[in-house]
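Given next are the chains, with one letter for each unit.
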Amino acid sequence: MAEALNPSLTRRDAARLLGAAAAVAAVPSRWTARRADVDALLRQLTLEEKVSLLHGATDPASKGQAGYVPGVPRLGIPELRLADGPAGVRVTASATALPAPVALASTFAPDLARRFGAVIGREGRALGMDVLLSPMTNIVRVPQAGRNFETLGEDPLLAAALVAGEIRGIQGEGLIATVKHYAANSFENARQTIDVKVDERTLREIYLPAFEAAVQAGVGAVMAAYNHVNGVYAAEHPHLLTGILRDEWHFGGWVMSDWFATHSGAPALTAGMDMEMPFGVNYGGLTAAVSSGRLAESVVDTAVRRVLVQLDRFGLLGGGRPRPAPDPAGGARAAKEIALAGAVLLRNERDLLPLGRADLADLVVIGPTAASPLVGGGGSARVIPASAESPLTALRRQAGPGGRIRWATGVDLEGVPVPASALALQRTQQGAQQGGAPQAAAQVDHTGADALAAGSSWTWTGTLTAPETGDYDLRIQGAGGVPSFNGSISLTLDGVKIGSVGALLGGNSSLIATSGGLTNAGATVRLEAGVAKPVTVSATGVAGTPLQVRLAWVTPRRRQEALREAAALAKGARAALVFAFNEGTEGADRAALALPNGQDPVIGAVAAANARTAVVLNTGDPVLMPWVGNVSSILQMWYPGQEGADATATLLLGGASPGGKLPVTFPRRAEDVPTARPERYPGVGGVADYSEGVLVGYRHYDAHGIEPLFPFGHGLSYTRFQYDGLSVRAAGGGLSVSFTVANTGWRAGVEVPQVYLGSPPGPPVPMPPRALAGFARVGLSPGERRRVTVAVPPRALQYWSDGRWTLARGRRTVHVGSSSRDLRLRQEVTIR
Ligand code: BGC
């Protein structure tokens, strides 16, 4: 039945939606109320002092955080410490490692986002930080982009709802949040130079809404991205930084550049980029620019005022305020709850999951990440927790005395020390008292009790000769190296660096430690039998920690053995669980959508050996699954944070039911993805053309009739849900959508009903067939029914055209369902 609606916008609705009024109401009463104090302060600052507040510097008392801005103590302006990041506070000290933000996105729960933010906010303050370099809310556009795990999925409405909740959580604890990376920074390869060609409508409808929501939530700072947008660096982009951010959205905070993303002084400042990070490479020259008359001092004043206004708003001026005590137990509780809530049950044939008592009495677990937990992704979002249990330990603990759980790696990431028979080496100790004379060395294997002295430095040089021709995984493994930009424990073969450990952002080291807790790095190289290759290992230790270093390899033979062992163990067991992973990290995209390290054949072999096989995924984003039809169940745990093992075991054993939904589409084939054309990704001639326009993520699959492997919004439960009783009415310029959800199964469970709005027939601009317009998260006990009302905001009914938001009028279908492809209820409405 068609219902006629007239949600024509009043001016107030539009203002509320566009953020103008909301921004003023949400926070800035103090932005204006204390303006006089800030102006008085500004008048007392010298030009040099003002400029010093506009760029980073070296921290005289660093806590290992990413950035530092000196204060002006004589006027009570504090120094600022700025720390990453999206999954927890990244400093030298350990901190709560929350699940990766993609797991948070899978909860579809703004209240959990707030809780997530509050953990980081409190801990950041407790650890001596003032500004957090998070949340990150770049839309997932390229399914293999390195930082997909750090962000909030492919849908702008979902990302906007979550980013706002998270910012309220962070800032509610007194830590200034920085939403990043503004804007259209959707992949890593060539991120510092790439020119993103994107039309205004796509920017407004896809890439900017979450930033706008962040401004409405009162975010204190914005980080400008590395990339160019339509030919201009994002960090000196007047349209983005002033036109949209200030003039339209009335952002009252400050903009800082991403690290080394500033390319000019006066032009960037004038464009609206207030603070250069991490050093004053360009902004150090602003004093001279003002003195010589090339830059008006008022431009400097405007930027400084923006910073001071935030410091005032957060109570940081004039002595600051007391810092809270850390609350690791509270952090751990939130980390577990969010890991549980964000888990997505992708498939569960014949209800293999949850495992029963009988399964636990004869269970085989396969995979390196079952034994060494994959806590989080790499790069600036990496957080080192005080401890993290492995899934295998958690499963055994939760299974109790009746459990018999055996493990095999299946994929050997660790290998064995390269044997003396393959090496001819000499080692030298640098700076050693005895003169550091070279000595013969059989192997490089100094771990545990055989570790080298803390702070010592060594080099091994010689040759490596393989016994048979094939692909070898060469590994450098270590701990106790001095932290350095390129890594201080490294392996070079034939003049090519194969791997290094101890790099500040992780370098090419794996996120998965060895069984002995060493950091593991390396690469796969082809070696010919009997051909000696020059090899060098060097290691520079840090004071106070024994230096451990090992040169290891996984031979082609060992790789086959590991696969056979896994299959043999799985055969005859009551059930098999395979843990599979990818390693998302900043600075590089994944080379392919497939699982790395030869995991597909291992899963295939285990599934062939045992018909009751479940796969647990620890990936940050979509992977291809050639074995999908051969396994019974797939549970996506993402990178689940420090409590991930406990959460994983709880879900596998039925202590809770998975209730997360995919915030990204999983494609069936690499060629199906919206960015499968080189001009779109990775770009041609330095330009990435976002020519798919608004057809990002599920919009692309729906528009082109492509069947995904798992659609956006998909996620099963251990129970079943039924939908009925849809009613739609106009409300507040948008729609109010009500329906009933019932739990018709035997277990308690959580459902995320989703509202999608169809495009009108003959749309005024090319529109996706459906777009997410609202959602809820509902916990229901067996047999329980609940009436749910979802507010569809006015913006969901609009499109961007000719510089403004316009209603897409006509007959449109409101769908309600359990995923973007499992639509259960529908009603036509006419938008006039
Ligand atoms: C990243 C930012 C991060 C900064 C500081 C940059 O490389 O892109 O997200 O906040 O480093 O660590």
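Our subject is the structure that appears above.
Reference entry: report on the structure contained in this document. Note that this is a predicted model, so its numbers are computed, not measured.

What counts as what
- Residues numbered from 1 in each chain as written.
- Predicted model: local features only at pLDDT ≥ 70, side-chain atom pairs only at ≥ 80, totals over all residues.
- Heavy atoms only, no water.
- Near = heavy atom within 4 Å.
- Areas by Shrake-Rupley, 256 points an atom, 1.4 Å probe, with all protein chains shown as cover.
- Axes fitted to C-alpha atoms, helices over the stretch in contact; angles between N-to-C directions.
- Helix = DSSP H or I, 4+ residues; strand = E, 2+ residues; numbered from the N terminus.
- Left-handed = near helix turned anticlockwise from the far one by under 90°.
- Contact = heavy atoms within 4.5 Å.
- Nonpolar A, V, L, I, M, F, W, Y, C, P; charged D, E, K, R; others polar.
- Phe/Tyr/Trp six-rings, centres within 6.5 Å; stacked < 30°, edge-to-face > 60°.
- Buried < 20%, exposed > 50% of the residue type's maximum accessible area, 1.4 Å probe, protein only.
- Polar contact = N/O pair within 3.5 Å; in protein donor to acceptor, adjacent residues only side chain to side chain.
- Pairing = 2+ DSSP bridges.
- Core = buried A, V, L, I, M, F, W, Y, C linked by side-chain atoms within 4.5 Å.
- Salt bridge = Lys/Arg side-chain N within 4 Å of Asp/Glu carboxyl O.

## A short note on the site of the ligand
Every one of the 14 residues lining the ligand counts as a neighbour, but D84, R147, H181, D258 and E586 are closest to it. Contact with the protein chains removes 95% of the 310 Å² of surface that the ligand exposes when unbound.

## Quick notes on the packing of helix α7 (residues 110-126) against helix α15 (residues 328-342)
Between α7 and α15, whose axes approach to 10 Å, the crossing angle comes to 150 degrees. Every pair of crossing elements has a handedness; the one defined by α7 and α15 is left-handed. Here L112, R115, F116 and V119 of α7 come into contact with α15, specifically with G331, R333, A334, E337, I338 and A341. Residue composition of the contact of α7 with α15, by class: six nonpolar, one polar and three charged.

## Some details on the environment of L345
With respect to the helices, strands and loops of the structure, L345 is situated in strand β11 (residues 344-348). It is 8.7 Å that separates the C-alpha atoms of L345 and Y718, two residues lying 373 residues apart in sequence. Setting aside its immediate chain neighbours within four residues, L345 contacts L353, I634, L635, P658, H714, G715, L716, S717 and Y718.

## Some remarks on the packing of aromatic side chains
Across all of its chains, the model carries 15 aromatic pairs by this definition. Ring centres of W638 and F666 lie 6.3 Å apart, and the angle between their planes is 65 degrees; this geometry places the pair in the edge-to-face category. Within this pair, whereas W638 is found in the loop between β27 (633-636) and α21 (644-652), its partner F666 is found in the loop between α21 and β28 (687-689), the two being separated by 28 residues in sequence. Owing to a relative accessible area of 0%, W638 belongs among the buried residues under this scheme. Judged by its relative accessible area of 0%, F666 falls in the buried class. Through a chain of ring-to-ring contacts, three or more aromatic side chains come together here, namely F108, Y698, F712, Y756 and F775.

## Digging into the side chain of D195
Looking at the element boundaries, D195 is found in strand β6 (residues 195-197). Polar contacts involving the side chain of D195 include one to the main-chain amide nitrogen of N230, which spans 3.3 Å. Ignoring sequence-local partners within four residues, the contact set of D195 consists of H228, V229, N230, G231, G686, V687 and A688.

## A look at the side chain of T665
The topology assignment puts T665 in the loop between α21 and β28. Looking at T665, its side chain comes within polar contact range of the side chain of E154, at 2.6 Å. Within the structure, T665 has its side chain in polar contact with the backbone nitrogen of Y698 (distance 3.3 Å).

## Structural notes on the sheet that holds strand β13 (residues 405-408)
Across a sheet, paired strands are connected by hydrogen bonds in the backbone, their directions being either parallel or antiparallel. As summarised here, the arrangement of the six strands in space is β11-β27-β26-β25-β12-β13, forming an open sheet in which the pairing is mixed. In this open sheet, the two strands that pair with only one neighbour each are β11 and β13. Across the sheet, the mean angle separating the axes of adjacent strands is 15 degrees when strand polarity is ignored. As paired elements, strand β26 (residues 613-618) and β27 share four bridges and run parallel to each other. Looking across to β27, one finds that A614 is bridged to S633.

## Looking at the nonpolar core
A general tendency of soluble globular proteins is for nonpolar side chains to be buried together. Counting 126 residues, the largest nonpolar core has Y182, M256 and L308 as the members making the most contacts within it. The greatest single-element share of this core, amounting to eight residues, is contributed by helix α8 (residues 156-172). Beyond its immediate sequence surroundings of up to four residues, M256 is in contact with L82, V131, L133, T178, A221, V222, M223, A224, M273, M275 and M277. Within the second largest apolar cluster, 47 residues are counted, among which are L563, V578, L595 and L709.

## Some remarks on unusual backbone geometry
Looking along the chain, the bond that leaves K180 and enters H181 is cis, with omega of -5 degrees. Take H181: it is sitting in strand β5 (residues 176-182). Put simply, L353 and P354 share a cis peptide bond, and its omega is -5 degrees. The topology assignment puts P354 in the loop between β11 and α16 (357-360). Even without a glycine there, the phi angle at D351 is positive, about 50 degrees.

## Overview of the environment of V696
Inspection of the secondary structure assignment puts V696 in the loop between β28 and α22 (698-704). Classification of V696 as buried rests on a relative accessible area of 2%. C-alpha of V696 to C-alpha of L104: the two residues are 592 residues apart in sequence and 20 Å apart in space.

## Points about the pattern of salt bridges
Under the counting rule described, the total for this entry stands at 53 salt bridges. The partner of D130 in a salt bridge is R323, and the shortest N-O contact between them spans 2.8 Å. With a gap of 193 residues between them, D130 in the loop between α7 and β4 (131-132) and R323 in the loop between α14 (297-313) and α15 connect regions that are remote in the sequence. Assessed through its relative accessible area of 5%, D130 is described here as buried. Given a relative accessible area of 37%, R323 falls into the partly exposed group. One salt bridge connects R786 with E784, and the closest N-O pair in it is separated by 3.0 Å. Because the salt bridges share partners, they merge into one network encompassing R147, E150, E188, R191 and E586.

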